Amino acid sequence: MPHTTTVIVGAGHCGLAMSHCLAARSIDHVVLERGEVANSWRTQRWDSLRLLTPNWMTRLPGYAYRGADPDGYLDARQVTAMLEGYADVSAAPVLTGTTVTSVRAAGGGYVVQTDQGTWRAPTVVLACGAATVPAVPALAGLVPAGITCLTPAAYRNPAGLPRGGVLVVGASASGIQLADELHRSGRPVTLAVGEHVRMPRTYRGRDILWWLDAAGVLDERYDEAGDLVRARNVPSMQLVGSPGRTIDLNVLSSAGVRLAGRLAGIADGVAQFSGSLPNVCALADLKLGRLLDTIDAWAGAAGERFAPTFVPAAPLGLDLRSGEISTIVWATGYRPDLSWLEVPVLDRKGRVVHDGGVTACPGLYLIGMPFLRRRKSSLIDGAAGDAAELASHLAGQLDALAGRCERSAS
Ligand SMILES: Cc1cc2nc3c(=O)[nH]c(=O)nc-3n(C[C@H](O)[C@H](O)[C@H](O)COP(=O)(O)OP(=O)(O)OC[C@H]3O[C@@H](n4cnc5c(N)ncnc54)[C@H](O)[C@@H]3O)c2cc1C
């Protein structure tokens with residue numbers, strides 16, 4: 001059975017960042033990847049998707065964007081190429097085409113079973129992604145037959161959908177981008193809106209992410225967050241990677257997208273929407289105002305404010321059997337898939353319990369989850385700090401193990 005010091009599961013940007021930090025400490029390791037490097041960007045992104053973070057924010061340990069367009073936004077193919085290049089330059093020891101099928105504790109370390117053989121290691125880093133599988137609500141099972149259902153991970157472009165109206169469920173980054181694209185393709189679109197994070201693309205002449213970065217908002221630490229559980233569940237920002245272009249609900253509804261409240265149920269083929277649309281919009285406006293106040297306080301000057309979200313008369317029901325809707329896009333988020341983890345670190349909902357990526361099982365780490373150690377942990381730009389700190393903890397764990405071995409030998 002091959003042995004290494006650390007097994008990293010997953011060769012997305014987090015696994016590669018972790019590999020870079022371990023290599024810098026001369027910690028022997030292997031990165032096991034079921035597909036190829038940047039598998040998620042190759043297989044789970046729609047054609048028009050661009051990062052919503054500007055190129056200058058595409059920073060990883062030992063890598064910074066040096067192209068000609070720092071204020072542009074990479075598309076999925078460019079992200080893939082960037083990560084491939086990063087893996088090459090870092091000489092990351094990636095074994096592609098290797099699916100991890102179980103991880104279990106044994107003999108003071110871990111046994112990592114894969115479809116290509118079994119590894120043994122005292123430490124394991126789970127870098128297998130927070131957005132591995134779409135999180136589709138159970139009520140999707142009540143959709144009448146004949147309606148095509150898909151998720152953003154499977155969606156590629158409007159041409160792949162049957163003719164007719166589309167119901168997009170969820171108004172975070174994926175939902176608003178797909179509602180916009182499908183509406184532009186000439187389809188009638190209804191957007192079911194729940195809790196969301198309204199965000200202008202630019203503020204006071206700069207990209208909003210420049211302000212969030214400069215004012216330190218994205219650097220807020222997990223051990224300083226007021227309500228960490230809530231902070232870890234905040235939806236993604238309503239942004240699109242297009243210079244100067246804001247897509248919020250005002251933009252969408254004035255273009256002709258029909259807004260509805262949160263999809264609360266489906267009964268006898270009728271989609272039922274919550275009447276909470278005015279409230280969730282008012283809340284999103286309020287939170288945006290607070291965020292801009294924070295930026296203004298940092299900048300020492302007041303900036304513009306945006307018009308409140310206009311809430312049109314919204315339907316409370318939509319008959320899915322009428323033929324008006326031919327497709328439902330479940331833009332309801334993603335979740336990790338750790339169904340193969342046989343170490344007792346999961347809570348009732350199957351989520352890994354951790355303290356900033358450090359689990360209660362010594363030597364088992366997690367990276368890439370929302371607000372793991374910082375508000376920006378789920379962004380590419382968040383991996384550098386998180387990986388450096390976890391590598392430091394992991395090195396300490398190895399020292400402790402080595403100390404224990406020396407003591408027992410003497
Ligand atoms: C639609 C979308 C848009 C996003 N846009 C941005 C953006 O604009 N800017 C930004 O900074 N971030 C963005 N993100 C967030 C984040 O950067 C990505 O989700 C990123 O892919 C996460 O990186 P990761 O390394 O944590 O996980 P992933 O990239 O998902 O990598 C995990 C890897 O683990 C592998 N894996 C999983 N299970 C196993 C297993 N059992 N065995 C072996 N390998 C396994 C997978 O194949 C995958 O390659 C976006 C996310 C999504 C979903």
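Note that the coordinates shown come from a computational prediction; the quantities given were computed from them, not determined experimentally.

Asks: Just to check I follow, could you spell out the overall build of the protein chain for this structure?
Replies: Tallying secondary structure elements over the protein chain gives 9 helices and 22 strands in all. Taking 410 residues into account, the globule formula puts the C-alpha radius of gyration at 22 Å, and the protein chain, at 23 Å, falls close to it. Here the protein chain, with 410 residues, has 53% of them falling under the buried criterion. When contacts within the protein chain are restricted to residue pairs at least 6 apart in sequence, long-range pairs at least 24 apart make up 70% of them. Of the roughly 17,800 Å² of accessible surface on the protein chain, a fraction of 53% belongs to carbon and sulfur atoms. Distance between charge centres in the protein chain, computed from 38 positive and 37 negative side chains, equals 2 Å.

Asks: Would you mind going over the packing of aromatic side chains with me for this structure?
Replies: By convention here, two paired aromatic rings are described through the distance between centres and the angle between planes. Taken as a whole and judged by the stated rule, the model has 6 aromatic pairs. Considering the side-chain rings of Tyr63 and Tyr86, the 6.2 Å spacing of their centres and the 65° angle between planes classify their relative orientation as edge-to-face. Within this pair, whereas Tyr63 is found in strand β4 (residues 63–64), its partner Tyr86 is found in helix α3 (residues 76–90), the two being separated by 23 residues in sequence. We classify Tyr63 as partly exposed; its relative accessible area is 24%. On the numbers, 6.3 Å between centres and 70° between planes, the contact of Trp210 with Trp298 is edge-to-face. Linking Trp210 in helix α5 (residues 208–214) with Trp298 in helix α8 (residues 277–299), this pair joins segments that are 88 residues apart in sequence. Relative accessible area serves as the criterion here: at 26%, Trp210 is assigned to the partly exposed category. Taken together, the aromatic side chains of Tyr203, Trp210, Trp211, Trp298 and Phe306 make up a single cluster linked through ring pairs. One Lys or Arg, Arg45, reaches over the ring of Trp41 and ends 4.0 Å from the middle of that ring.

Asks: I'm lost on the site of the ligand in this one. Help?
Replies: The ligand sits among 29 residues. The nearest are Glu33, Ser40, Leu52, Thr53 and Ile380. Asn39 is positioned with one of its side-chain polar atoms (N or O) 2.9 Å from an oxygen atom of the ligand. Residue Ile380 places a main-chain N or O atom 2.7 Å away from an oxygen atom belonging to the ligand. Here the ligand loses 92% of its free accessible area of 980 Å² to cover by the protein chains. Of all the secondary-structure elements, those providing two or more residues to the shell around the ligand are α1 (13–24) and α2 (39–43). With 3 residues, α2 is the single largest residue contributor to the shell around the ligand.

Asks: In this structure, what is going on with the packing of α1 against α3? I would like to understand it.
Replies: Packed helices, taken two at a time, are described by their axes: the angle between them and the distance between them. At their nearest, the axes of α1 and α3 sit 10 Å apart, and the two run at 15° to each other. Between α1 and α3, the interaxial angle falls into the category roughly parallel. As α1 runs across α3, the sense of the crossing is left-handed. Residue-level inspection shows His13, Leu16, Ala17 and His20 of α1 in contact with α3, the latter providing Leu83, Tyr86, Ala87 and Ser90.

Asks: Which parts of the structure should I look at to understand the environment of Ala255?
Replies: With respect to the element layout, Ala255 can be found in helix α7 (residues 249–255). Between the C-alpha atoms of Ala255 and Arg407, which are 152 residues apart in sequence, the distance is 71 Å.

Asks: Just checking my understanding: could you explain the environment of Arg335 for this structure?
Replies: With respect to the element layout, Arg335 can be found in strand β21 (residues 334–335). In contact with Arg335, other than residues within four places in its own chain, are Ala130, Ala131, Thr132, Val133, Pro134 and Ala135.

Asks: Whenever I open this one, the pairing of strand β9 (residues 123–126) confuses me. Can you help?
Replies: Look at any regular strand and the pattern is simple: side chains alternate between the two faces of the sheet. Of the two faces of β9, the one holding Thr123 and Val125 and the one holding Val124 and Leu126 are both buried throughout. Where strand β1 (residues 6–9) lies against β9, 4 bridges are found, and the strand directions are parallel. The residue of β9 that forms the bridge with Ile8 is Val125. For β9 and strand β22 (residues 364–366), the ladder comprises 3 bridges, and the chain directions are parallel. Residue pairing in the sheet places Val125 in a bridge with Tyr365 of β22.

Asks: Looking at this structure, how should I read the side chain of Arg198?
Replies: Here Arg198 lies in the loop between β13 (189–192) and β14 (202–203). The exposure class assigned to Arg198 is buried, which follows from its relative accessible area of 7%. Engagement of the side chain of Arg198 in a polar contact is seen with the side chain of Asp285, the distance being 2.8 Å. Among the polar contacts made by the side chain of Arg198, one reaches the main-chain carbonyl oxygen of Ala307 at a distance of 3.0 Å.

Basis of the calculations
- Residues numbered from 1 in each chain as written.
- Predicted model: local features only at pLDDT ≥ 70, side-chain atom pairs only at ≥ 80, totals over all residues.
- Heavy atoms only, no water.
- Helix = DSSP H or I, 4+ residues; strand = E, 2+ residues; numbered from the N terminus.
- Rg over C-alpha atoms; globule rule 2.2 N^0.38 Å.
- Buried < 20%, exposed > 50% of the residue type's maximum accessible area, 1.4 Å probe, protein only.
- Contact = heavy atoms within 4.5 Å.
- Areas by Shrake-Rupley, 256 points an atom, 1.4 Å probe, with all protein chains shown as cover.
- Lys, Arg positive; Asp, Glu negative; His and termini not counted.
- Charge placed at Lys NZ, Arg CZ, Asp CG, Glu CD.
- Phe/Tyr/Trp six-rings, centres within 6.5 Å; stacked < 30°, edge-to-face > 60°.
- Lys NZ or Arg CZ within 6 Å of the ring centre and 35° of its normal.
- Near = heavy atom within 4 Å.
- Polar contact = N/O pair within 3.5 Å; in protein donor to acceptor, adjacent residues only side chain to side chain.
- Axes fitted to C-alpha atoms, helices over the stretch in contact; angles between N-to-C directions.
- Parallel < 35°, antiparallel > 145°, perpendicular 65-115°, else oblique.
- Left-handed = near helix turned anticlockwise from the far one by under 90°.
- Pairing = 2+ DSSP bridges.

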